[in-house]
Amino acid sequence: MKLWLHHLNLCGDNVPELSDFYRNVMTLGDDERQNLPPIHLEKCGVPYSDWGSDAVKGWHQVFFYDPVGNVIEVHQVLSDDKN
């Protein structure tokens, strides 16, 4: 999944832990879009739920939690030929 930040709202007391997670697991901080395949989450020890395109037609969705329990939704818009 190509990662492109739409919006972000975080709550937590441990800012260094969150910073590490979002920079290293989510690969945020660079200007260009990043690729975040579910296998990367597995390698980082992050449990996730892969909904595929079952919930929203045309989107591939993956859900997981950050270290302080904020829910993260990552979705990839599928091309027309995959719908």
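Thresholds, definitions, all that
- Residues numbered from 1 in each chain as written.
- Predicted model: local features only at pLDDT ≥ 70, side-chain atom pairs only at ≥ 80, totals over all residues.
- Heavy atoms only, no water.
- Helix = DSSP H or I, 4+ residues; strand = E, 2+ residues; numbered from the N terminus.
- Buried < 20%, exposed > 50% of the residue type's maximum accessible area, 1.4 Å probe, protein only.
- Core = buried A, V, L, I, M, F, W, Y, C linked by side-chain atoms within 4.5 Å.
- Contact = heavy atoms within 4.5 Å.

Caption draft 1: Representation of the side chain of Asn-70 in the model. For Asn-70, the location among the structural elements is in the loop between strand E4 (59-65) and strand E5 (71-77). For Asn-70, a relative accessible area of 17% translates into the label buried.

Caption draft 2: The nonpolar core, seen in detail. The biggest cluster of nonpolar side chains holds 12 residues, and these are Leu-18, Phe-21, Tyr-22, Val-25, Met-26, Leu-36, Leu-41, Val-46, Val-62, Phe-64, Ile-72 and Val-74. With four residues, helix H1 (residues 15-25) is the single largest residue contributor to this core. Residues contacting Phe-64, with those up to four places away along its chain left out, are Phe-21, Met-26, Leu-36, Leu-41, Val-46, Pro-47, Tyr-48, Asn-70, Val-71, Ile-72 and Val-74.

Caption draft 3: Main features of the environment of Arg-23. Note that Arg-23 resides in helix H1. On the accessibility criterion, Arg-23 (53% relative accessible area) is exposed. Each residue touching Arg-23, except ones within four places of it in the same chain, is listed here: Leu-28 and Gly-29.

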